[in-house]
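Below are the chains, spelled out letter by letter.
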Amino acid sequence: MKRLVAWAAFLLGCLYFLLPLIGMTEFSLKMRRGEYSFDAYVRVFEDPRFWETFGYSLTLAAATIVFGVLLVVPTAYWVRLKLPQARPIIEFITLLPLVIPAIVIVFGYIRLYNTSSFLPLTGSAFGTDILLTMGYATLALPYMYRAVDTGLRTIDVATLTEAAQSLGAGWFTILARIILPNVLVAVLSGAFLTLAIVIGEFTMAALLNRPAFGPYMQLLGANRAYEPPALAVIAFAITWGCMGLIQLVTRFSKHERAKA
Amino acid sequence: MAFLELTDLEKTFGANRVVKAFSLAIEKGEFVSLLGPSGCGKTTVLRMVAGFEAPTSGTIRIDGHDVGDQRANQRNIGMMFQAYALFPNMTVADNVAFGLRVKGVSRSERDARVAEMLQLIGLPDLGARFPFQLSGGQQQRVALARALAPRPRVLLLDEPLSALDAKVRVSLRNEIREIQRELGITTIFVTHDQEEAMSISDRIVVMNGGIAEQAGAPFEIYNKPSTRFVAGFVGTLNMLEARVVAPEAGRVTVAGQALDLAQAIPAAEGASVTLALRPEAISLGRAEGREVVLPATIDEVHFLGSVIRIRARVEGSVVALDTFNRPDQPPPPVGSAAEISFAAVDAILLPA
């Protein structure tokens, strides 16, 4: 009886997630009257703005991930190693982006870095891209930090550091050759979450007026019927592709098997 | 001048003085153990030598040079940890090669050294394995090879055997000692296990409460403990209360029996002193050369195989004594009256 209830709950959960997906996919295939076709997908792929905005967001996602890793891995490592008493404070700071809306952050940016400020980042496209990357890194911080911190928990940071030091290694070598490789899977899952956030982000990109994927989706959604669901299905496919890739990487890094 | 010299080392954490006026001179190639209960400061001394902790005061000199302003990664000191601390993302060979790679040793030289080290620890075929594929004993051997590969000046062992099971512990400690002798590397070994310390050390420093209570060869520490703590911590000890009869002549009485110690007693006539006896210095019944005979009651008998450990009551104090098993002589029944004997020269006069 208990098993039955459990299965029922599981099925209900599946339906809750799958039905909208199935409905959306089905609708996206109905562009041609009376038959299923990929017309909506062809339209999306034929639109040069799709490629432009998607490429732009992908580039910024990569920059955000690199910046996030460079910021978060040494910070989380240092906090674990030298400032364990500061962990609650750091955790609180990394959670702030969840409670401060993106729109507040971006207005703050515009006020601080406008063309008449001491650092006129919004004055050029490149400067604005930097600003947007920083904004994305802020939004992704809670996920990135948590992922890396959890990864660090699985290794004996203090002893490994001392072992490396006694063998002559400096801080850079320790971080690059020992800490980072050992939390790589955690970093990858953080990177994946960052990618998902950046690809779908609308507020910051729209208000900083950059040609990102989020504003493009919004524009398409406001003006078309069949293309938006097609776009959503494509976005899902990309997301799942990334998840598969992470699994693959995990499988290939031999030493991680020990932890599994 | 000694190769490794620790002079007046002090370490305080907040209000807590963990190491107090610790001095030690270690000769090149010597194997010295720091022995003591947990919290006695032995690991802190080791960590100061390694450079992981900075001494509050005092100096550390290696080969005549003060290393106080050198960081841990500049000291060229090999270290083995209780938790193995192998890098999980690297193979055994890469682990062993790590120190050489950091030093910028060429690939061919590195490979040769790694092969040599793996040969030394008896695991020549496991270079391609990852740490998680090895047993605890094998991991700790790899850790030893990794520590030795860059030819460190000093080897520090921080309770490296504590996480291993009993059999592996004994075989690995013998191996460590053999390799240490072969390479002639100056070694400090930290342990709380007195048997471990006595079996492999040239010299033992017994520590308690942040100070070195006694330093000496295992034989000396065991047979001539200079403080009550050392006597109690190293080996099993039986305490007997004695009364001083003639301090100059070293004459005391124990349970009404007079005996002459081979030394003068720094106590007044009529004062009470404590004599200590190792279990192997006491015989059940009368024995040749053991002239002091005391009446006793058998309290407990533990048959351990080759050895029988007996606990007997003598005038209110309990003494433990070991006898060898003999098939023609069954152990005495519990509760029976017996005699125990020992030689006066075996009695250790404990400082008050």
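Residues numbered from 1 in each chain as written. Chains lettered and ligands numbered in written order. Predicted model: local features only at pLDDT ≥ 70, side-chain atom pairs only at ≥ 80, totals over all residues. Heavy atoms only, no water.

Enquirer: So what exactly am I meant to see when it comes to the interface of chain A and chain B here?
Expert: Many descriptions give the size of an interface as the accessible area lost when the pieces come together. Between chain A and chain B, the contact holds 21 residues from the first and 23 residues from the second. For the chain A face of the interface with chain B, the top three residues by lost area are A:E162, A:L167 and A:R177, together amounting to 32%. Where chain A packs against chain B, one counts one salt bridge. Here chain A is connected to chain B by four residue pairs in polar contact (both at pLDDT 80 or more). At the level of secondary structure, the elements contributing two or more residues to the side of chain A that touches chain B comprise helix 7 (157-166) and helix 8 (171-182) of chain A. Across the side of chain A that touches chain B, the residue classes break down as nine nonpolar, eight polar and four charged. (Contact = heavy atoms within 4.5 Å. Buried area = accessible area lost by both parts, 1.4 Å probe. Salt bridge = Lys/Arg side-chain N within 4 Å of Asp/Glu carboxyl O. Polar contact = N/O pair within 3.5 Å; in protein donor to acceptor, adjacent residues only side chain to side chain. Helix = DSSP H or I, 4+ residues; strand = E, 2+ residues; numbered from the N terminus. Nonpolar A, V, L, I, M, F, W, Y, C, P; charged D, E, K, R; others polar.)

Enquirer: Teacher, can you tell me more about the domain arrangement of chain B here?
Expert: Residues and elements named next belong to chain B. Along its sequence, chain B is organised into domain 1 (4-232) and domain 2 (236-350). Centre-to-centre separation of domain 1 and domain 2, based on C-alpha positions: 39 Å. Listed per partner, the contact involves seven residues of domain 1 and six residues of domain 2. Carbon and sulfur atoms supply 50% of the area buried between domain 1 and domain 2, which totals about 650 Å² over both sides. Taken as a group, Y222, R228 and A231 account for 73% of the area that domain 1 buries against domain 2, more than any other trio of residues on that side. At the boundary of domain 1 and domain 2, one finds zero salt bridges. At the boundary of domain 1 with domain 2, the tally comes to three residue pairs in polar contact (both at pLDDT 80 or more). Counting residues per element, the ones that place at least two in the side of domain 1 that touches domain 2 are helix 7 (218-223) and helix 8 (228-233). Within the side of domain 1 that touches domain 2, the residues separate by chemical class into four nonpolar, two polar and one charged. (Domains from an automatic or database assignment.)

Enquirer: Sorry if this is basic, but what is going on with the pairing of strand 19 (residues 337-342) of chain B here?
Expert: Residues in a regular strand point their side chains to alternate faces of the sheet. Summarising the sheet, strand 15 (residues 282-284) of chain B and strand 19 of chain B pair through three bridges and their orientation is antiparallel. Bridged to B:L284 within strand 19 of chain B is B:I340. (Pairing = 2+ DSSP bridges.)

Enquirer: What should I look at first to understand the pattern of salt bridges in this one?
Expert: Pairing is possible between side chains that carry opposite charge, provided their charged atoms lie close to one another. Residues and elements named next belong to chain A. All chains considered together, the criterion is met by 27 salt bridges over all chains. Its salt-bridge partner being R224, residue E227 comes within 3.1 Å of it at the nearest N-O pair. Sharing partners across several salt bridges, the network here consists of R80, R87, E91, D149 and R153.

Enquirer: Hey, could you run me through helix 7 of chain A in this one?
Expert: Helical geometry: 3.6 residues make up each α-helical turn, so side chains three or four residues apart lie on a common side. Residues and elements named next belong to chain A. Counting buried positions along helix 7 gives nine out of ten residues, so the element sits mostly inside the fold. Listing the buried residues of helix 7 in full gives V157, T159, L160, T161, E162, A163, A164, Q165 and S166. Positioned one or two residues after helix 7, G168 has a phi angle of 100°, which is positive. (Buried < 20%, exposed > 50% of the residue type's maximum accessible area, 1.4 Å probe, protein only.)

Enquirer: Which parts of the structure should I look at to understand the sheet that holds strand 14 (residues 272-277) of chain B?
Expert: Note on sheets: strands pair through backbone hydrogen bonds, and any given pair is parallel or antiparallel. Residue and element names in this part refer to chain B. Judged by pairing direction, the sheet is antiparallel, and its five strands sit side by side in the order 13-12-11-14-20 without closing on themselves. Strands at the two margins of the open sheet, each flanked by one partner only, are strand 13 (257-260) and strand 20 (348-350). Looking at each pair of strands side by side, their axes are set apart by 45° on average, direction ignored. Note: strand 11 (residues 238-246) against strand 12 (residues 251-254), three bridges, orientation antiparallel. Across the sheet, residue A246 finds its bridge partner in strand 12, namely R251. (Axes fitted to C-alpha atoms, helices over the stretch in contact; angles between N-to-C directions.)

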